[in-house]
Structures are given as structure tokens and as C-alpha cells.
Amino acid sequence: MYDHILFPTDGSEPAESVLKYSLQIAAEHEATIHVLNVVDTSHDSLSGMQDDVDDTLEQEGTEIVNEAAQRATEHGIDVVSEVHHGDPYEANVEYSTQSAIGLIVMPTHGRRGLQRFLLGSVTERVINTADVPVIAVNPGTQPLAYPCQELLVPTDGSRGSELAVSEGVALANATGATLHILHVVETGSLGPDARSLVRMRNSPPERTRSSQTP
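Criteria and thresholds
Residues numbered from 1 in each chain as written. Predicted model: local features only at pLDDT ≥ 70, side-chain atom pairs only at ≥ 80, totals over all residues. Heavy atoms only, no water. Helix = DSSP H or I, 4+ residues; strand = E, 2+ residues; numbered from the N terminus. Phe/Tyr/Trp six-rings, centres within 6.5 Å; stacked < 30°, edge-to-face > 60°. Buried < 20%, exposed > 50% of the residue type's maximum accessible area, 1.4 Å probe, protein only. Pairing = 2+ DSSP bridges. Axes fitted to C-alpha atoms, helices over the stretch in contact; angles between N-to-C directions. Core = buried A, V, L, I, M, F, W, Y, C linked by side-chain atoms within 4.5 Å. Contact = heavy atoms within 4.5 Å. Right-handed = clockwise from strand over helix to strand, strands pointing away.

Enquirer: Go over the environment of Thr129 with me, naming the residues and quoting the values.
Expert: Structurally, the position occupied by Thr129 is in helix α4 (residues 122–129). Measuring from C-alpha to C-alpha, the distance between Thr129 and Tyr89 comes to 8.9 Å, with 40 residues separating the pair along the chain.

Enquirer: Outline the packing of aromatic side chains, listing residues and values.
Expert: For any pair of aromatic rings, geometry is given as the distance between the ring centres together with the angle between the planes. Counted under the stated rule, the structure contains one aromatic pair. On the numbers, 6.0 Å between centres and 85° between planes, the contact of Tyr21 with Tyr146 is edge-to-face. Of this pair, Tyr21 sits in helix α1 (residues 13–29) while Tyr146 is found in the loop between β5 (134–137) and β6 (150–154), placing the two residues 125 residues apart along the sequence. Overall, Tyr146 belongs to the buried group, its relative accessible area being 11%.

Enquirer: Could you give me a rundown of the sheet that holds strand β4 (residues 103–107), with the residues and numbers involved?
Expert: Sheet architecture is open: five strands sit in the order β3-β2-β1-β4-β5, paired in parallel fashion. Of all strands in the sheet, those with a lone pairing partner are β3 (79–86) and β5, marking the two edges. If you compare each strand with its neighbour and ignore which way they point, the axes differ by 20° on average. Across eight bridges, strand β2 (residues 32–40) lies against β3 in parallel orientation. Counterpart to His34 in the pairing with β3 is Val80.

Enquirer: How would you explain the nonpolar core if you had to name every residue and give the values?
Expert: Generally speaking, nonpolar side chains in soluble globular proteins are found buried as a group. In this structure, Ile5, Ile25, Ile33 and Val105 are the most contacted members of the largest nonpolar core, which totals 25 residues. For this core, the secondary structure elements donating two or more residues are β1 (4–8), α1, β2, α2 (50–74) and β4. When residues of this core are assigned to their parent elements, the largest contribution, six residues, is made by α1. Other than its neighbours up to four places away in sequence, Ile5 contacts Ile25, Ala26, Ala31, Thr32, Ile33, His34, Ile101, Leu103 and Val105. Among the nonpolar cores identified, the runner-up in size contains 13 residues, and Leu6, Tyr95, Ile101 and Ala130 belong to it.

Enquirer: Let's hear about the pairing of β1: which residues, and what values?
Expert: Counted residue by residue, β1 has four buried out of five residues, so it is predominantly covered. For β1 and β2, the ladder comprises five bridges, and the chain directions are parallel. Bridge pairing in β2 places Leu6 opposite His34. The handedness of the β1 to β2 crossover, carried by α1, is right-handed. Two elements, β1 and β4, share two bridges in a ladder whose sense is parallel. Its bridge partner being in β4, Leu6 is matched across the sheet by Ile104.

In C-alpha cells:
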């Protein structure tokens, strides 16, 4: 189902904890895993020291991807390791397009910490702009096992939900997982009268008893 899987990493503990799960996915689908580190050159120049800083970060990035690539090789998984320069989220999305990536697996947060999760983080921006599915893994849920046995796809009928359902069906067929499709009727923002009406419409009809007066 997936021939090429992208694993972006900044060498942080959260990223390292998600690597094992990425390798499980690659092994299950006999896919090549692409390990990518991005040297963040989107920040301001540091008074003429920028080149030295970038060189140091590139060396660190090379060590990070080489270590991850070695682990992949030890598990018998084909691997490609790259170090790129640029804005991290843009570089990840661009790489996924150019390398025919079918799936991106990345942690919900990296070196910048949990407070960055879904608050303009790299992961959030990749989710919102990538053309392929993204598995965002919370490192705190480790250990994880792939393939999963139960797969949940929430849907609200939107275009994005339709794509998610299609991907969920394909993944369930490929792995044998049970697919759960869930739609939630949101009533929290409605007034009490509206919530009562929704409950009445969704409740089973009441049975009535007739009584006769002798």
C-alpha cells in the first residue's frame, strides 16, 4: 500500500521514540523509509556567523539521519537518508512531493516541546499542506504496535473526511483492521431547547398503553 514512507526527524527524544513505529510501518508494507533532517535556515541571520551555524547544524543532521538509517538497515528495511536546508515544514512537504512519498510519519512535537503541538508547529503545518496522509504520533503513547487492530475514522461529510474514509478503507483492507466510522452530532453550542429537540429526534418512539374504563 505504501512504497515510500517519510520520517522527518530533528534528533529529539520525541522523534527518536517514534522511529521504531515508523520502522514497523515500513516493514509491514515492505516500503523504503526516507529519513529527513532539515537545517532550519528560515531564522534571521546571526551577524555573519550564519554559515558556521548552518555547517554545524548540517553535521549534526547528518549524524542524526545516519543513526536512524543504521537502525532501519538492521531491521532489513531499505532506507534513504537526506539533510536539507530551508523552512522545516516546507522542506518536508516539498520532499514528499518530489520523492513520491505515500505516507509521512512524524511526532506531534519535537525539540520545541509539547506547547508547540498544534499551535503553528511543523507537524500541524505539514498535516495541513501535504498531499499525502500524515500519521502524527504522540510520543507519550509509546509503545505502539503496527498494524493496528481497530481503526477509527471520524467524519463530518466534508471533502477531507471523504478522503480520510477512503484512506481508512484502503488501510483496513491492507492490514485486516476493523474500521470504525464515526459521525458526531455537535450539540454543545446549541441552546437547551435545540438539544432537547435533537435528543427527541434521535430517541426511539415511545410505546403507549391504552386503558379502558369498565
